[in-house]
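Coordinate analysis (summary)
The residues making up each chain are set out below.
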Amino acid sequence: MIDQVVYTFSAKNAPTETVSSGATVVLRTMDCFSNQIKSSDQLVTSIDFDHINPATGPVYVESAMPGDVLKVEILDVTVDSAGTTTTLPDNGPLFENVETRTKIIRIKDNIASFNDVTFPIDPMIGVIGVAPCDKEVPCGYPGNHGGNMDNHLIKKGATLYFPVQVEGALFQCGDIHAVMGDCELCGTGLEIAGIITVKLTVIKEFKLGWPLLETADKWFSIASAPDYNTALKNVSLEMQDLICRTYGWDKTDAYLYMSIQGDVEICQACQPCLVDMILRLGIPKQDGRPLIQS
Ligand code: CA
Ligand code: ZN
């Protein structure tokens with residue numbers, strides 16, 4: 001099992017393992033605080049912020065070259081028996097009227113307990129992606145390499161497709177949330193350590209501008225930006241381009257179709273926040289019309 005962590009997405013990170021295309025890898029991940037918070041009297045303001053948002057890896061995938069796509073099938077996500085949630089100073093719409101507070105939340109038989117209510121967990125991966133080619137991005141930030149997308153549909157059974165930007169792709173992931181709502185309002189989910197099992201496959205020579213997500217019934221483009229208008233443009237342009245190329249339609253028809261069949265949803269947008277907001281745009285799967293051939 002791979003358990004080495006890094007704190008950036010970067011071509012400079014030394015691979016912890018080299019695998020061939022089609023390999024299944026198992027990664028042990030820490031929570032987004034590098035497991036520093038152990039009890040509810042430990043505030044987030046007391047931890048070492050040089051060591052937050054660790055990702056496990058990177059994994060070098062043989063034959064992956066810039067211009068290819070890395071297909072990542074999420075085979076399993078399991079979590080530990082307790083997680084942490086905390087408010088963050090200056091983060092989210094209500095930071096001015098709340099305290100900085102840590103809650104340790106116990107999980108038993110896939111049910112989490114919060115005060116006097118309980119709810120099922122639905123584990124998802126917050127940070128997942130490949131190395132960008134021209135910069136080093138801290139794991140807490142999103143981008144066209146993936147990174148901190150905080151998209152609650154990135155979970156067991158889903159498949160991600162990333163534009164490979166460096167030789168070997170350098171795949172890594174971390175920041176599991178046992179459960180999280182769209183937007184991640186206060187800036188944290190139910191942050192938890194766990195184990196991620198993925199299958200990594202190279203798809204040769206397919207152009208992607210941003211990560212693509214495949215679920216049981218939809219295709220989603222995922223994109224980010226500091227503001228809503230730019231994020232919306234990025235996520236829409238990517239889906240328009242994919243529809244034009246794979247459906248053979250022109251840009252106007254793609255735009256019309258996206259308006260009547262596409263849903264734009266918020267992944268993470270807990271403004272004010274230092275991190276860019278992330279949106280996803282989903283269209284229904286159509287038989288015989290995959291947005292990417294694998
Ligand atoms: Ca996150
Ligand atoms: Zn997180």
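This text follows the structure it describes.
This is a predicted model, so every value here is computed, not measured. (Residues numbered from 1 in each chain as written. Chains lettered and ligands numbered in written order. Predicted model: local features only at pLDDT ≥ 70, side-chain atom pairs only at ≥ 80, totals over all residues. Heavy atoms only, no water.)

The next subject is unusual backbone geometry. The omega angle of the peptide bond from Gly 57 to Pro 58 is 0°, so this bond is cis rather than trans. Position of Pro 58 relative to the elements: it lies in strand S5 (residues 55-61). Here the amide bond leading from Gln 271 into Pro 272 is cis, since omega sits at -5°, within 30 degrees of zero. Locating Pro 272 in the fold gives a position in the loop between strand S21 (263-268) and strand S22 (277-284). Unusually for a residue other than glycine, Asp 109 sits at a positive phi of about 50°. As for its placement among the helices and strands, Asp 109 is situated in the loop between strand S8 (102-108) and strand S9 (111-114). (Helix = DSSP H or I, 4+ residues; strand = E, 2+ residues; numbered from the N terminus.)

Further remarks concern the packing of aromatic side chains. According to the stated counting rule, one finds four aromatic pairs in the structure shown. Relative to Trp 219, the ring of Tyr 161 has its centre 5.9 Å away and its plane inclined at 40°; by these criteria the two rings are tilted. On the criterion of sequence distance, the pair formed by Tyr 161 in strand S15 (residues 159-163) and Trp 219 in strand S20 (residues 218-225) is long-range, its members being 58 residues apart. Given the relative accessible area of 1%, Tyr 161 is considered buried. Linked through ring pairs, Tyr 247, Trp 249 and Tyr 257 together constitute an aromatic cluster. The side chain of Lys 285 reaches across the aromatic face of Trp 219, ending 5.9 Å from its centre. Positioned above the aromatic ring of Tyr 247 is the side chain of Arg 289, whose terminal nitrogen or guanidinium carbon lies 4.8 Å from the ring centre. (Phe/Tyr/Trp six-rings, centres within 6.5 Å; stacked < 30°, edge-to-face > 60°. Buried < 20%, exposed > 50% of the residue type's maximum accessible area, 1.4 Å probe, protein only. Lys NZ or Arg CZ within 6 Å of the ring centre and 35° of its normal.)

Here the focus is the pattern of salt bridges. Charged atoms that come close allow side chains of opposite charge to pair. Following the criterion strictly, the structure yields 13 salt bridges and no others. Asp 263 is the partner of Lys 218 in a salt bridge, and the nearest nitrogen-oxygen pair spans 2.9 Å. In this pair, Lys 218 sits in strand S20 while Asp 263 sits in strand S21, placing the two residues 45 residues apart along the sequence. Judged by relative accessible area, which is 17%, Lys 218 ranks as buried. (Salt bridge = Lys/Arg side-chain N within 4 Å of Asp/Glu carboxyl O.)

Let us now look at the sheet that holds strand S4 (residues 23-29). Spatially, the eight strands line up as an open sheet ordered S4-S18-S6-S15-S19-S20-S22-S21, and their pairing is antiparallel. Both edges of this open sheet fall to S4 and S21, since each of them pairs with a single strand only. With direction set aside, neighbouring strand axes in the sheet form an average angle of 25°. Examined bridge by bridge, S20 and S22 share eight bridges and lie antiparallel to one another. Its bridge partner being in S22, Trp 219 is matched across the sheet by Ile 283. (Pairing = 2+ DSSP bridges. Axes fitted to C-alpha atoms, helices over the stretch in contact; angles between N-to-C directions.)

Our next topic: the nonpolar core. Grouped together as the largest cluster of nonpolar side chains are 42 residues, with contacts concentrated most on Leu 70, Ile 128 and Leu 200. Residues contacting Leu 200, with those up to four places away along its chain left out, are Val 19, Ser 20, Ser 21, Gly 22, Ala 23, Val 25, Val 59, Val 61, Leu 70, Lys 71, Val 72 and Phe 171. Judged by nonpolar contacts, the second largest core, of 28 residues, contains Met 239, Ala 269, Met 277 and Leu 279. (Core = buried A, V, L, I, M, F, W, Y, C linked by side-chain atoms within 4.5 Å. Contact = heavy atoms within 4.5 Å.)

Only Asn 148 (OD1), Asp 150 (OD), Asp 150 (OD) and Asp 175 (OD) from the protein coordinate the calcium ion (ligand 1), and they sit 2.2 to 2.6 Å from it. One chain supplies every donor for the calcium ion (ligand 1), spaced along it as N-x1-D-x24-D. Separating the calcium ion (ligand 1) from the zinc ion (ligand 2) is a distance of 3.1 Å, and Asp 175 supplies a donor atom to each of them. The exposure class assigned to Asp 150 is buried, which follows from its relative accessible area of 2%. (Donors = N, O, S within 2.8 Å, 3.2 Å for Na, K, Ca; no water.)

With that settled, consider the layout of surface pockets. One number sums up the size of the largest pocket: a volume of about 650 Å³. In this structure, the largest pocket is lined by 28 residues; those nearest its centre are Phe 49, Ile 52, Asn 53, Leu 88 and Val 275. Its residues assigned to classes, the lining of the largest pocket shows 14 nonpolar, nine polar and five charged. (1 Å grid on protein atoms, 1.4 Å probe; cavity = no way out; pocket = protein on both sides within 12 Å on 5 of 7 lines; lining within 4 Å. Points joined across faces, edges and corners; volume = space filled by probe spheres on them. Nonpolar A, V, L, I, M, F, W, Y, C, P; charged D, E, K, R; others polar.)

This part is about the coordination of the zinc ion (ligand 2). Any two of four tetrahedral donors ideally make an angle of 109.5 degrees at the metal, while pairs among six octahedral donors ideally make 90 or 180 degrees. For the zinc ion (ligand 2), the full set of protein donor atoms is Asp 175 (OD), His 177 (NE2), Glu 191 (OE) and Glu 191 (OE), at a range of 1.9 to 2.7 Å. Here the donor residues of the zinc ion (ligand 2) are spaced in sequence according to D-x1-H-x13-E. On the basis of relative accessibility, which here comes to 2%, the residue Asp 175 falls in the buried class.

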